[in-house]
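Working through the structure, step by step
What follows is the residue order along each chain.
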Amino acid sequence: MNSQSETSEFVIEPPNFAVIPVVGSSKMFPVHRVYCVARNYADHAIEMGHDPNKEPPFFFQKNPENMDSTGRLQYPAGTNDLHHEIELFVALKSGGSHIPVGQAADCVYGYGVGLDLTKRDAQAEAKRLGRPWDVSKSFEHSAPCSSIVPSEKTGHPTSGAIWLDVNGERKQSGDLNQMIWKVPEIISHLSGLFVLAAGDIIMTGTPAGVGAIMRGDLLKGYVEGVGGIEIVVE
């Protein structure tokens, strides 16, 4: 954290910036922005009442400080229907605009496992009123995550199991090869909408089986070839 001094150029002390641990390193990954791909698995799009064959990828954002690698989650205020969504996330070491699909992997620093937590009742109300999803997606600690595994250890996974258990019961199960838009395509398309940068995180979507979680629940998630995540809901 930057500390203020008598000669500081800031009128208040700058806040801490969000970081994620890196497997095998004492250094941390600084988070710049967090982008999330909506409805990127066909079975999840269907369970949410959408046709996956009719739409290009679209995105929403979480705040950098929403990324939380502590392994504990305080049940948030303002919802009675908090849902889990297990995802592979991508951490970028470089960016740019209009990145060709064939060059997208060069931007990747590594991969991790995360949860896109959603206040489903708040999201449903936002959809009904035609309002943004921010309240339902960008609340505190809404993106529990694992440490990042550098890509030289994982390669660039295109297939492999992805699943989530709640209290020992399998709730979500899929394969990375079921993504409608693959990671290079996501990066390329997103770079046509935003100027991507080192430190950006991209959450790549969730398979079917999303559902509610409650205080006291134990969540265990896994992405083959990348690792796992374990969260206690308090």
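Anything mentioned here points back to the structure above.
Residues numbered from 1 in each chain as written. Predicted model: local features only at pLDDT ≥ 70, side-chain atom pairs only at ≥ 80, totals over all residues. Heavy atoms only, no water.

**Observations concerning the pairing of strand β17 (residues 218-223)**
- Of the two faces of β17, only the one carrying L219, G221 and V223 is buried; L218, K220 and Y222 on the other face are not.
- Sheet topology places strand β13 (residues 161-166) next to β17; five bridges connect them, and they run antiparallel. Considered in β17, the bridge of I162 is made with V223.
- Between β17 and strand β18 (residues 227-233), which follow one another and run antiparallel, lie three residues, and G225 among them has a positive phi close to 85°. (Buried < 20%, exposed > 50% of the residue type's maximum accessible area, 1.4 Å probe, protein only. Helix = DSSP H or I, 4+ residues; strand = E, 2+ residues; numbered from the N terminus. Pairing = 2+ DSSP bridges.)

**Description of the nonpolar core**
- Residues L88, L92, I187, I202, I213 and L219 are the most contacted members of the largest nonpolar core, which totals 38 residues.
- When residues of this core are traced back to their parent elements, those giving at least two are β3 (34-37), β8 (86-92), β9 (108-115), β13, α5 (183-190), β17 and β18.
- Beyond its immediate stretch of four places on either side in the chain, L219 contacts H84, L115, L164, D165, V166, I213, I229, E230, I231 and V233. (Core = buried A, V, L, I, M, F, W, Y, C linked by side-chain atoms within 4.5 Å. Contact = heavy atoms within 4.5 Å.)

**As for the pattern of salt bridges**
- Counting across every chain of the model gives nine salt bridges.
- With its nearest N and O atoms 2.7 Å apart, the salt bridge here joins K137 to D116. With K137 in helix α3 (residues 134-137) and D116 in the loop between β9 and β10 (118-119), this residue pair connects regions lying 21 residues apart in the sequence.
- For K137, a relative accessible area of 3% gives the class buried.
- Accessibility expressed as a relative area gives 2% for D116, which makes it buried.
- Here R128 ties to E125 by a salt bridge, and the two come within 2.8 Å at their closest N and O atoms. Taken as a pair, R128 and E125 lie in helix α2 (residues 120-129) at a separation of three residues, close to a single helical turn.
- The network of salt bridges with common partners includes K62, E85, D116, R120 and K137. (Salt bridge = Lys/Arg side-chain N within 4 Å of Asp/Glu carboxyl O.)

**Let's talk about the sheet that holds β13**
- Strand order across the open sheet formed by five strands is β6-β18-β17-β13-β14, with mixed pairing between neighbours. What marks the edges here is a single partner per strand, and that holds for β6 (72-73) and β14 (169-175).
- The sheet contact formed by β13 and β14 spans six bridges and is antiparallel. Paired with W163 across the strands is S173, a residue of β14.

**Overview of the environment of Y35**
- Its place among the elements puts Y35 in strand β3.
- For the pair Y35 and I148, spaced 113 residues apart in sequence, the C-alpha separation works out to 16 Å.
- In contact with Y35, other than residues within four places in its own chain, are F60, Q61, L190, F194, L196, D200, I201, I202 and M203.
- Separated by 3.1 Å, the side chains of Y35 and R33 make a polar contact. (Polar contact = N/O pair within 3.5 Å; in protein donor to acceptor, adjacent residues only side chain to side chain.)

**Here's the deal with the sheet that holds strand β12 (residues 149-150)**
- Pairing in this open sheet of six strands is mixed, and the strands run β4-β3-β15-β8-β9-β12 from one edge to the other. What marks the edges here is a single partner per strand, and that holds for β4 (59-62) and β12.
- Direction of pairing for β3 relative to β4: antiparallel, over a ladder of four bridges. Paired with V37 across the bridge in β4 is F59.

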